[in-house]
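# Summary of structural features
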Amino acid sequence: MLRSMYSGISGLKNFQTKLDVIGNNIANVNTVGFKKGRVNFKDLMSQTTAGAAGSTATRGGVNPKQVGLGSQLAAIDTIHGGGSLQGTGRGLDLAIEGDGFFMVANANGAPDADTGFIDEEGFNNTLFTRNGIFYMDNNGYLVNADGKYLVGVTAGSDIVTEKDDTGILPDDAPNASGDEGANLFDDEGVLTPDDGTVGPIRIPTTAKEINIGPDGTITYQDLNGDLQWAGQLVMAKFPNAGGLAKTGGNYYQQTTNSGVAYAQVATVAGMGQVVAGAVEMSNVDLSEEFTEMIVAQRGFQSNTRIITTSDEILQELVNLKR
């Protein structure tokens, strides 16, 4: 059987995969925080019909004679370039300008039925995302559309819900980042800030105004008109962001090839800054995707021509015997 036919089949499969990735990119052109994919190919293998020979005293060397046997996928990359920021004017819509991911997770405890406070510290099942659209749940905690809590350092129960309550003034807020900007994840992957309590961030219902600064500090104006500190979100970045695994829902998960997550507050040690009142749009470029679609379509057609031409040659061979 002709080798060219099987080379054409491998090309068809690869260009179909390329079209699948392009289709997914275009489908997510308006998905907040989406990062586009890219397909790379490499040759499959080569059949050596004659090896190389070195030069002798009387003759020069001879190059090897090899016939390629098709192509295969080299990689399907996730391109983590920043998308354009779109202003929304909504205070809980956040975007990251620079490196880093928001962390969202499940809380280690449930809200108290009477007070709504979550007493247990820490999080579990942490995921990473660039989608910064957050909401306040029925207890005032910051959550995303799936109900996952925004990971950060919290004021806990020290928030002002009534006139006589005592909160935390911004000048008295804990310094979560520390002095040297060290990784806030310990060796076991537990978030341990230099100062402060790790937990869901709560905004009292009686707050008059909410503000989120470039370093992720969350403050609010209480019912007495005083500015109070509610918490500070903590972000993460990786040595190899391309090694993260997509888990759906705009979430990423750490893998062995992404490297260990480095956690810090915004604007510290190369972490990007938080932009409130805006969201990061998808980094998909439609003009580029349509161009790649044309290239993939022509490549697919060319490989079908290889198969049909090989079939015609086989037909001619069959017809030698009448």
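Here we summarise the structure given alongside this text. (Residues numbered from 1 in each chain as written. Predicted model: local features only at pLDDT ≥ 70, side-chain atom pairs only at ≥ 80, totals over all residues. Heavy atoms only, no water.)

Further remarks concern the overall build of the protein chain. Counting its secondary structure elements, the protein chain contains 2 helices and 21 strands. By the compact-globule yardstick of 20 Å for 322 residues, the protein chain is too spread out, its C-alpha radius of gyration being 28 Å. Along the three orthogonal principal directions, the C-alpha set of the protein chain runs to about 105 × 50 × 30 Å. Taken over 322 residues, the protein chain has a buried fraction of 39%. Considering only contacts within the protein chain whose residues lie at least 6 apart along the sequence, 69% involve residues at least 24 apart. (Helix = DSSP H or I, 4+ residues; strand = E, 2+ residues; numbered from the N terminus. Rg over C-alpha atoms; globule rule 2.2 N^0.38 Å. Buried < 20%, exposed > 50% of the residue type's maximum accessible area, 1.4 Å probe, protein only. Contact = heavy atoms within 4.5 Å.)

A cluster of like negative charges, contributed by Asp112, Asp114, Asp119 and Glu120, occupies part of the molecular surface. With respect to the secondary-structure elements, Asp114 resides in the loop between β7 (101-107) and β8 (123-129). (Patch = residues over 30% accessible without salt bridge, like charges linked within 9 Å, V, L, I, M, F, W, Y side chains within 5 Å. Areas by Shrake-Rupley, 256 points an atom, 1.4 Å probe, with all protein chains shown as cover. Salt bridge = Lys/Arg side-chain N within 4 Å of Asp/Glu carboxyl O. Lys, Arg positive; Asp, Glu negative; His and termini not counted. Charge placed at Lys NZ, Arg CZ, Asp CG, Glu CD.)

This paragraph deals with the pattern of salt bridges. Should their charged atoms come close, side chains of opposite charge can pair. Considering all chains together, one arrives at 6 salt bridges under this definition. A salt bridge links Arg38 to Asp77; its shortest N-O distance comes to 2.9 Å. In this pair, Arg38 is assigned in strand β1 (residues 37-43) and Asp77 in strand β4 (residues 71-78), connecting sequence segments 39 residues apart. Taking the shortest distance from any N to any O, the salt bridge between Arg90 and Asp93 comes out at 2.6 Å. Within this structure, Lys35, Arg130 and Glu280 form a network of salt bridges that share partners.

In this section: the nonpolar core. Nonpolar side chains in soluble globular proteins tend to be buried together. Core analysis: the largest hydrophobic core is formed by 53 residues, its most contacted members being Met103, Phe128, Leu191, Val234 and Met235. Once residues within four sequence positions are removed from consideration, Met235 is found in contact with Ile96, Asp99, Phe101, Phe102, Met103, Tyr262, Ala263, Gln264, Ala266, Met271, Gly272 and Val274. (Core = buried A, V, L, I, M, F, W, Y, C linked by side-chain atoms within 4.5 Å.)

A complete count under the given rule lists 6 aromatic pairs for this structure. Relative to Phe41, the ring of Phe15 has its centre 5.4 Å away and its plane inclined at 75 degrees; by these criteria the two rings are edge-to-face. Of this pair, Phe15 sits in helix α1 (residues 3-27) while Phe41 sits in strand β1; the two residues are 26 residues apart in sequence, bridging distant segments of the chain. Phe41 sits in the partly exposed class, given a relative accessible area of 32%. On the numbers, 6.0 Å between centres and 70 degrees between planes, the contact of Phe101 with Phe238 is edge-to-face. (Phe/Tyr/Trp six-rings, centres within 6.5 Å; stacked < 30°, edge-to-face > 60°.)

This part takes up the pairing of strand β15 (residues 217-221). Of all the 5 residues making up β15, 4 are buried; the element is thus mostly covered by neighbouring parts of the structure. The sheet contact formed by strand β14 (residues 209-212) and β15 spans 4 bridges and is antiparallel. Bridged to Asn211 within β15 is Thr219. Hairpin geometry of β14 and β15 is characterised by an intervening segment of 4 residues between the two adjacent antiparallel strands and by a positive phi of about 85 degrees at Gly216. Note: β15 against strand β16 (residues 227-237), 5 bridges, orientation antiparallel. Looking across to β16, one finds that Thr217 is bridged to Gln232. Between the end of β15 and the start of β16, which pair antiparallel, lie 5 residues, with Gly225 showing a positive phi angle near 90 degrees. (Pairing = 2+ DSSP bridges.)

The subject of this paragraph is the layout of surface pockets. In this structure, the largest pocket occupies an estimated 360 Å³ of space. Per-element accounting of the lining of the largest pocket gives the leading share, 3 residues, to β8. A class-by-class count of the residues in the lining of the largest pocket yields 10 nonpolar, 5 polar and 3 charged. A volume near 220 Å³ is recorded for the second largest pocket. In terms of lining, the second largest pocket is formed by 17 residues, of which the most central are His80, Gly98, Asp99, Gly100 and Arg130. Its residues assigned to classes, the lining of the second largest pocket shows 5 nonpolar, 6 polar and 6 charged. (1 Å grid on protein atoms, 1.4 Å probe; cavity = no way out; pocket = protein on both sides within 12 Å on 5 of 7 lines; lining within 4 Å. Points joined across faces, edges and corners; volume = space filled by probe spheres on them. Nonpolar A, V, L, I, M, F, W, Y, C, P; charged D, E, K, R; others polar.)

Our focus in this paragraph is helix α2 (residues 286-318). In this model α2 runs 48 Å from its N-terminal to its C-terminal C-alpha over 33 residues, within 8% of the 48 Å that 1.5 Å per residue would give. Along α2, the positions that sit buried rather than exposed are Glu289, Ala296, Gly299, Asn303 and Ser310. (Expected span 1.5 Å × (residues − 1).)

Turning next to α1. Taking 1.5 Å per residue as the helical rise, α1 with its 25 residues ought to reach 36 Å, and the 37 Å between its terminal C-alpha atoms agrees with that figure. Against the buried residues of α1 lie β1, β3 (65-68), β4 and α2.

Tracing the chain through its elements places Gln232 in strand β16. Here Gln232 falls in the buried class, since its relative accessible area comes to 7%. There is a polar contact of 3.0 Å between the side chain of Gln232 and the backbone oxygen of Asp215. Beyond its immediate sequence surroundings of up to four residues, Gln232 is in contact with Gly152, Val153, Ala176, Ile201, Asp215, Gly216, Thr217 and Val265. (Polar contact = N/O pair within 3.5 Å; in protein donor to acceptor, adjacent residues only side chain to side chain.)

As for its position among the elements, Asp226 is in the loop between β15 and β16. Separated by 57 residues in the primary sequence, Asp226 and Leu169 have C-alpha atoms spaced 8.5 Å apart. Among all residues touching Asp226, those that are not within four sequence positions of it are Tyr220 and Gln221.

Looking now at the environment of Thr197. Its location among the elements puts Thr197 in strand β13 (residues 197-198). Thr197 sits in the partly exposed class, given a relative accessible area of 32%. Placed 70 residues apart in sequence, Thr197 and Thr267 show a C-alpha to C-alpha distance of 20 Å. Setting aside anything within four residues of it in sequence, one finds Thr197 in contact with Glu121, Gly152, Val153 and Thr154.

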